[in-house]
Amino acid sequence: MRRALVVGNWKMNGTRDSVRQLLADLKAGLDVGKPVDVAVCAPFVFIPEVAEQLKGSAIAVGSQNVADQKSGAFTGEISPAMLVEFGVRYAIVGHSERRAVYGETDALVAARYAQAIEGGVIPILCVGETLEQRESGDTFKVVKEQLDAVLDKAGVQSLGKAVIAYAPVWAIGTGKTATSQQAQEVHEFIRGEIRKRDAAVAEKVQILYGGSVKADNAAELFAMADIDGGLIGGASLDPKAFLTICHAVG
Ligand code: 13P
């Protein structure tokens, strides 16, 4: 059985005060008896304080990106080693906002993923199609290309230290959630593609769903066979909603 994982992606939101309050509420409200791992991906500048506040708690710290290089003249980038030094366990790579708004290519995403693996940070690799791609019947093709770019570079065994998130662009921040069947269909496809490379890895890797997951739809999504948890945007800023989502597993 794969353990469930729920990850909050705060995106570019929050203040020092709001972050402190949010974490206090999460620590107080999280039912540690539930079979779920929980993490929050904070903006880089908040990470040291977040890690400090979460020390000794069941909630792990993540970042929203990670450099594609080890160190050196790469202005604006944050290396895996820096993240590890501040207690970061996970790093999102290839989020659709990075791909669409900042032009990150499959090749760059694969390089970030590979650096994360090498540096001891667990990448959360995001894949997903746009509305246009879905409507023209290209969902599987797009997801496969995004996945293959990473697996061709880092190898299928790297998934033993990684997480995948299927986050269809049309469902992010739009209030339009994929139905549990629509999501399951793509999760099953992703696991099937991985199985072609290595069956044992395919059974073990956690595949999260991201895209307008809310308190009232999480349980139905998480009940699907190949959905192992969620990557939560908007609802992760609301402690009550996020906790309800975390507790919706199992
Ligand atoms: P929303 O939950 O706000 O749709 O965002 C999903 C997402 O982008 C997860 O990273």
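This structure is a prediction, so every number in the text was calculated from the model and none was measured.

Cut-offs and rules
Residues numbered from 1 in each chain as written. Predicted model: local features only at pLDDT ≥ 70, side-chain atom pairs only at ≥ 80, totals over all residues. Heavy atoms only, no water. Helix = DSSP H or I, 4+ residues; strand = E, 2+ residues; numbered from the N terminus. Rg over C-alpha atoms; globule rule 2.2 N^0.38 Å. Buried < 20%, exposed > 50% of the residue type's maximum accessible area, 1.4 Å probe, protein only. Contact = heavy atoms within 4.5 Å. Areas by Shrake-Rupley, 256 points an atom, 1.4 Å probe, with all protein chains shown as cover. Lys, Arg positive; Asp, Glu negative; His and termini not counted. Charge placed at Lys NZ, Arg CZ, Asp CG, Glu CD. Near = heavy atom within 4 Å. Polar contact = N/O pair within 3.5 Å; in protein donor to acceptor, adjacent residues only side chain to side chain. Nonpolar A, V, L, I, M, F, W, Y, C, P; charged D, E, K, R; others polar. Pairing = 2+ DSSP bridges.

1. Describing the overall build of the protein
Working step 1: A count of helical and extended segments in the protein gives eleven helices and eight strands.
Working step 2: Here the C-alpha atoms of the protein give a radius of gyration of 17 Å, agreeing with the 18 Å that 2.2 N^0.38 yields for 250 residues.
Working step 3: Projected onto its principal axes, the C-alpha coordinates of the protein cover approximately 45 × 45 × 35 Å.
Working step 4: A burial count over the protein gives 54% of its 250 residues as buried.
Working step 5: Excluding contacts between residues fewer than 6 apart, the proportion of contacts in the protein whose partners are at least 24 apart in sequence is 72%.
Working step 6: Summed over all atoms, the accessible surface of the protein reaches about 11300 Å², with 54% contributed by carbon and sulfur.
Working step 7: Separation of charge centres in the protein, based on 26 positive and 30 negative side chains, amounts to 4 Å.

2. Here's the deal with the environment of Ala200
Working step 1: Relative to the assigned elements, Ala200 resides in helix H9 (residues 199-204).
Working step 2: Judged by relative accessible area, which is 52%, Ala200 ranks as exposed.
Working step 3: Separated by ten residues in the primary sequence, Ala200 and Gly210 have C-alpha atoms spaced 24 Å apart.

3. Topic: the site of the ligand
Working step 1: In the vicinity of the ligand, the contacting residues are Asn9, Lys11, His95, Ala171, Ile172, Gly173, Gly211, Ser212, Leu231, Gly233 and Gly234.
Working step 2: Contact between the ligand and Lys11: an oxygen atom at 2.8 Å from a side-chain N or O atom of the residue.
Working step 3: Residue Gly173 places a main-chain N or O atom 2.6 Å away from an oxygen atom belonging to the ligand.
Working step 4: Notes on the ligand: free accessible area 310 Å², of which the protein chains cover 97%.
Working step 5: Looking at the shell around the ligand, its residues break down into three nonpolar, seven polar and one charged.

4. Looking at the pairing of strand E6 (residues 163-166)
Working step 1: Of the two faces of E6, the one lined by Val163 and Ala165 and the one lined by Ile164 and Tyr166 are each fully buried.
Working step 2: Strand direction decides the pairing type here: strand E5 (residues 122-127) and E6, joined by four bridges, are parallel. Paired with Leu125 across the two strands is Ile164, which belongs to E6.
Working step 3: Both E6 and strand E7 (residues 207-210) contribute to a ladder of three bridges, which runs parallel. Residue pairing for E7: Tyr166 is matched across the bridge by Tyr209.

5. Focus: the environment of Asp228
Working step 1: Here Asp228 shows up in the loop between helix H10 (218-222) and strand E8 (229-232).
Working step 2: For Asp228, a relative accessible area of 7% corresponds to the buried category.
Working step 3: In this view, Asp228 contacts Arg2, Arg3, Ala4, Leu5, Arg191, Val205, Gln206, Ile207 and Leu208; residues no more than four positions away in its chain are not counted.
Working step 4: In this structure the side chain of Asp228 is engaged in a polar contact, spanning 2.9 Å, whose partner is the side chain of Arg2.
Working step 5: Polar contacts involving the side chain of Asp228 include one to the side chain of Arg191, which spans 2.8 Å.

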